[in-house]
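Okay, here's what each chain looks like letter by letter:
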Amino acid sequence: MSIVTVQLGQCGNQVGQELFDVISSDTNDAQKYKPSAQGKAYDACSQERFFNESITGELSARAVLIDMEPKVIAQAMATAAKSGRWKYGDQSFFCQKQGSGNNWANGFCVHGPRHEEAVADLVRREVERCDRLAGILTLMSVAGGTGSGVGTYVTQCLRDAYPHSFILNQLTWPYGTGEVIVQNYNSVLTLSRLYQCSDAILVHENDTVHRICAQLMNIKHISFGDVNKVIAHQLGGVLQPALTEETHSQYSRNPMGELTAGLVCHPEYRLLSVCSIPQMPSSSQAYSAFTWPGLLKHLRQMLITSAKMEEGIDWQVRAPPAGQGTAERPSGFNRSLANLLILRGKDVSSASACGFMDPALYCPWLPAEGAFSAWRSPLPFNRYEKSATLVSNSQSLLKPLDLMVGKAWNMFASRAYVHQYTKFGIAEEDFLDSFTCLEQVISNYRHL
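Every value quoted in this text rests on a predicted model; they were computed, and no experiment measured them. (Residues numbered from 1 in each chain as written. Predicted model: local features only at pLDDT ≥ 70, side-chain atom pairs only at ≥ 80, totals over all residues. Heavy atoms only, no water.)

Caption draft 1: Layout of the overall build of the chain. The number of helices and strands found in the chain is 16 helices and 12 strands. Against the globule reference of 22 Å for 448 residues, the chain gives a C-alpha radius of gyration of 21 Å, in line with a compact fold. Summarising its shape, the C-alpha atoms of the chain cover approximately 65 × 60 × 45 Å along the three principal directions. Buried positions account for 59% of the 448 residues belonging to the chain. Considering only intrachain contacts with a sequence separation of at least 6, the fraction spanning at least 24 residues in the chain is 80%. As displayed, the chain offers around 18,300 Å² of accessible surface, 51% of which is attributable to carbon and sulfur atoms. Seen as two clouds, the 38 positive and the 41 negative side-chain charges of the chain have centres 5 Å apart. (Helix = DSSP H or I, 4+ residues; strand = E, 2+ residues; numbered from the N terminus. Rg over C-alpha atoms; globule rule 2.2 N^0.38 Å. Buried < 20%, exposed > 50% of the residue type's maximum accessible area, 1.4 Å probe, protein only. Contact = heavy atoms within 4.5 Å. Areas by Shrake-Rupley, 256 points an atom, 1.4 Å probe, with all protein chains shown as cover. Lys, Arg positive; Asp, Glu negative; His and termini not counted. Charge placed at Lys NZ, Arg CZ, Asp CG, Glu CD.)

As structure tokens, this is what we get:
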């Protein structure tokens, strides 16, 4: 089954280009590392999932690129074509000459409705090229005007057009001290609406990814390209083919359905975070050796402490006894609703995931056996001999969400910049509805 990716705004288009590059490179490596029936099956499944193949064997991404300015789309298409492995479709993009100016209301109320029909036609054509549609993946930022404003409008339209298809939103969370003064307003308006129409929302925090680039990848002068590569690596680790508990010896044909069913087991809890281990410069991979017990011990403690990288983990935090109340939990403990562990690489069948089945990690009203699932692939991913990716529906996003809503409310209380939204059709009541929605989300996760 195929996934159609919708890339929205500057951030979404840059992340999308890096994601398809990682997938293409990894698929080619599958034959190199394991030139067998397993490698061929992995290659075929990945290609069906992410690429259209022409009669000449040329691969084009199953993607639609959307931005209100042409520069980023032109760059993404040129970079893809230069790789020589894949490209974007010649008619798979939509752009205009004027952006949204970081104004969410301009994107949502003006550009979105104005270009709804053209965008819907592009997505429909891409969907019709799929033999079977597994779902729609949208890539966007929550801070800007086109990515978040137009992106939110497009996602709502996709839900109306494809009511029975899975929709997974990948959101890039802005830096805490970002340069867009209204980014907290934009984030509140985006998240509150996506919560109503997406099946799941997978969040990457720029601050966290930046630290990974600096401390794990040893990058001295970090660019947005470096940040996007880390996001793409983590996304690829989730979306590339794997053997699931449902499919046994066959690669899953319905990854978004199984991911959503396993992680979003309650409609009030849709926020997902992701972390991968190990992460290091490519020059260090050949000189590093990891064991599955060591990787999974670190990853479990990262889950418990809500750490997004293995460096600086607090080993003092322990899971409380199962069934202990919220008030009695140890400080710093991160409780989960559900977790998905994806293991890839050498000797993967010997890796034991029992540590993630501990009932103490999960809320008491959901049995641990139903809250945890594990996928595996015997093939290395992105040239890591062994790698593990954890997608978690837990309290890990509670603190940044609470902080963002608090900053937005303080601005709204003084009505700062509200006129920039009301002139395009977003009323003060819309802000209040968004705050109410997210305060309920915060309360739900706090009382897990």
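Caption draft 2: Quick peek at the packing of aromatic side chains. One pass over the full model with this rule turns up 19 aromatic pairs. Their ring planes at 80 degrees and their centres at 5.0 Å tell us that Tyr269 and Tyr445 sit as a pair that is edge-to-face. Of the two residues, Tyr269 sits in the loop between helix 10 (255–263) and strand 9 (271–277) while Tyr445 sits in helix 16 (residues 428–446), which places them 176 residues apart along the sequence. Residue Tyr269 shares its accessibility class with Tyr445, and that shared class is buried. Through a chain of ring-to-ring contacts, three or more aromatic side chains come together here, namely Tyr185, Trp409, Phe412, Tyr421, Phe431 and Phe435. Directly above the ring of Phe381 sits Arg344, whose terminal nitrogen or CZ lies 5.7 Å from the centroid. If you follow Arg415 out to its NZ or CZ, it ends over the ring of Phe412, 4.2 Å from the centre. (Phe/Tyr/Trp six-rings, centres within 6.5 Å; stacked < 30°, edge-to-face > 60°. Lys NZ or Arg CZ within 6 Å of the ring centre and 35° of its normal.)

Caption draft 3: Summary view of the nonpolar core. In this structure, Leu271, Leu341 and Leu401 are the most contacted members of the largest nonpolar core, which totals 89 residues. In contact with Leu341, not counting residues within four places along its chain, are Leu296, Leu299, Ala353, Phe356, Phe372, Ser373, Ala374, Trp375, Ala388, Thr389 and Leu390. The next biggest cluster of nonpolar side chains, apart from the first, holds 56 residues, and it includes Ala200, Cys213, Val230 and Trp375. (Core = buried A, V, L, I, M, F, W, Y, C linked by side-chain atoms within 4.5 Å.)

Caption draft 4: Geometry of the pattern of salt bridges. Applying the stated rule across the entire model yields 16 salt bridges. With its nearest N and O atoms 2.2 Å apart, the salt bridge here joins Arg124 to Asp121. Placement of the pair is Arg124 and Asp121 together in helix 5 (residues 116–128), with a separation of 3 residues, close to one helical turn. Asp121 gets classed as partly exposed once you look at its relative accessible area, which sits at 28%. For the salt bridge of Glu205 with Lys308, the shortest nitrogen-to-oxygen distance reads 4.0 Å. With Glu205 in strand 8 (residues 200–205) and Lys308 in the loop between helix 12 (292–305) and strand 10 (336–345), the pair connects residues that are 103 residues apart, well separated along the chain. Put simply, Asp121, Arg124, Arg125 and Glu128 are held in one network by salt bridges that share partners. (Salt bridge = Lys/Arg side-chain N within 4 Å of Asp/Glu carboxyl O.)

Caption draft 5: Local environment of the side chain of Ser46. Counting through the fold element by element, Ser46 comes out in helix 2 (residues 37–50). A distance of 2.8 Å separates a polar atom in the side chain of Ser46 from a polar atom in the side chain of Gln240. Setting aside residues no more than four positions away along its own chain, Ser46 makes contact with Ile23, Thr27, Phe51, Gln240 and Pro241. (Polar contact = N/O pair within 3.5 Å; in protein donor to acceptor, adjacent residues only side chain to side chain.)

Caption draft 6: Up close: the environment of Gln170. The residue Gln170 is located in strand 7 (residues 167–173) in this model. It is 9.9 Å that separates the C-alpha atoms of Gln170 and Ile231, two residues lying 61 residues apart in sequence. In this view, Gln170 contacts Val15, Leu137, Thr138, Leu139, Met140, Leu202, His204, Ile231 and Leu235; residues no more than four positions away in its chain are not counted. A polar side-chain atom of Gln170 sits 3.4 Å from a polar atom in the side chain of Thr172. Side chain to side chain, Gln170 and His204 meet in a polar contact 3.2 Å long.

Caption draft 7: Focus on the sheet that holds strand 8. Ordered in space as 5-4-1-6-7-8-9-12-10-11, the 10 strands form an open sheet in which the pairing is mixed. Single-partner strands in this sheet number two, and they are strand 5 (93–95) and strand 11 (372–377). Averaged over neighbouring strand pairs, the angle between their axes works out to 20 degrees when direction is ignored. Here strand 8 pairs with strand 9 via 3 bridges, running parallel. (Pairing = 2+ DSSP bridges. Axes fitted to C-alpha atoms, helices over the stretch in contact; angles between N-to-C directions.)

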